[in-house]
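Tertiary structure, described
One letter stands for each residue in the lines below.
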Amino acid sequence: MANNIEHHKCIIVGSGPAGYTAAIYAARANLKPIVYTGQEPGGQLMITTDVENYPGYPLGIGGPKMMEEFQQQAERFGTEVRYDLIEKVDFSGPVHKLWTANGDEVHADTVVISTGASAKWLGLESEQRLNSKGVSACAVCDGFFYKGLDVAVVGAGDTAAEEALYLSKLCPRVHMLVRRDEMRASKIMQERVLATENITVHWNTETDEVLGADEVEGVRVVNNQTGEKTEIPIKGFFVAIGHKPNTDIFKGWLDMDEIGYLIPVPGTSKTKIEGVFVSGDAQDKTYRQAVTAAGSGCMAALDAERYLTEKGIV
């Protein structure tokens, strides 16, 4: 091994709730972890204004502030945080090799993958401008803020149906914007949506513009069959057209489903590669919450520590 190649016991790829929780546990076990933040230090919570459902914050907390505190806690125990992106890996040998965007090669006995997932957006300027000001990609995270207000959900799959049903318990009217004349959601989810009185499904409907200067005030939609445009007054606009896990660099090395979510050994964070563990939204397409990501980060760090102990490395 070349002298200029660093070797570490534990490298954590990603810096959301999963990555930083893994770092806290790994650092307290004296593994001296290195966290590579990736392109979005702090992950999806960096675009979340208020977090009110994470235990321990009775008054709520801003997403960026919360991730700053996660980082401080990890660093307090000896984690080193590097603002760099892992671009390539080689998991073929007992020592795992990783390459950064800066061109550095680093080696590790264990790797914890916490690269998360990114919400898919419609690509409208107004959607990005009003992100966190009424535009959201998570009804379970943000729906409470729209209690008693009318909202819209974009999408036609199970996630969109679930979000519409969740919001229907909080909001007087939920407008579901469906691009085709049918949904992709499972039959039972479709039946539930159509049976819910305060959900209005708009078929053959696409979003033309999210309306509002400083916060969402409505949405202008277009019927893609007739070309007719309509404005719907709403306060919350929820995009539910799916997420993409940030796992492309692990293709060919680790098991993943057709979308790209990593598949661990059931009940663990282990992958088919010894010493490589997964956590957070890179492997969770069901819950996608900060608290579940943090819990899986804890699992990954504990699994990594046990692996290193079994190998006699620590």
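A brief look at the structure comes next.

Definitions and limits used
Residues numbered from 1 in each chain as written. Predicted model: local features only at pLDDT ≥ 70, side-chain atom pairs only at ≥ 80, totals over all residues. Heavy atoms only, no water. Pairing = 2+ DSSP bridges. Helix = DSSP H or I, 4+ residues; strand = E, 2+ residues; numbered from the N terminus. Disulfide = S-S within 2.5 Å. Buried < 20%, exposed > 50% of the residue type's maximum accessible area, 1.4 Å probe, protein only. Contact = heavy atoms within 4.5 Å. Phe/Tyr/Trp six-rings, centres within 6.5 Å; stacked < 30°, edge-to-face > 60°. Lys NZ or Arg CZ within 6 Å of the ring centre and 35° of its normal.

1. Let's talk about the sheet that holds strand 11 (residues 199-202)
Here five strands make up an open sheet; going across it, the order is 8-15-9-10-11 and the pairing parallel. Each end of this open sheet is capped by a strand with a single partner; those strands are strand 8 (135-136) and strand 11.

2. Re the state of the cysteines
The full count for this structure, using the stated rule, is one disulfide. Here C138 pairs with C141 through a disulfide, and the sulfurs are 2.1 Å apart. Judged by the sign of its S-S torsion, about 70°, the bond between C138 and C141 is right-handed. Given the relative accessible area of 15%, C138 is considered buried. Between C171, a free cysteine, and C138, which holds the nearest cysteine sulfur, the sulfur-to-sulfur gap is 14 Å.

3. Points about helix 5 (residues 158-168)
What helix 5 keeps buried is the set A160, A161, E163, A164, L165, L167 and S168. Check the buried side of helix 5 and you find it contacts helix 4 (139-142), strand 9 (151-154), strand 10 (174-177), helix 6 (187-194), strand 11 and strand 15 (236-239).

4. As for the packing of aromatic side chains
In the structure shown here, the tally under the stated rule is six aromatic pairs. Ring centres of F277 and Y307 lie 6.2 Å apart, and the angle between their planes is 70°; this geometry places the pair in the edge-to-face category. Here the residue F277 occupies a position in strand 17 (residues 276-278), and Y307 occupies one in helix 7 (residues 290-310), the gap between them amounting to 30 residues. Neither residue differs from the other here; F277 and Y307 are each classed as buried. A cation over a ring is seen here: R28 above F77, with NZ or CZ 5.3 Å from the ring centre. Between the NZ or CZ atom of K88 and the centre of the ring of W99, over which it lies, the distance is 4.5 Å.

Such coordinate-based values are descriptive only and should not be taken to indicate function.
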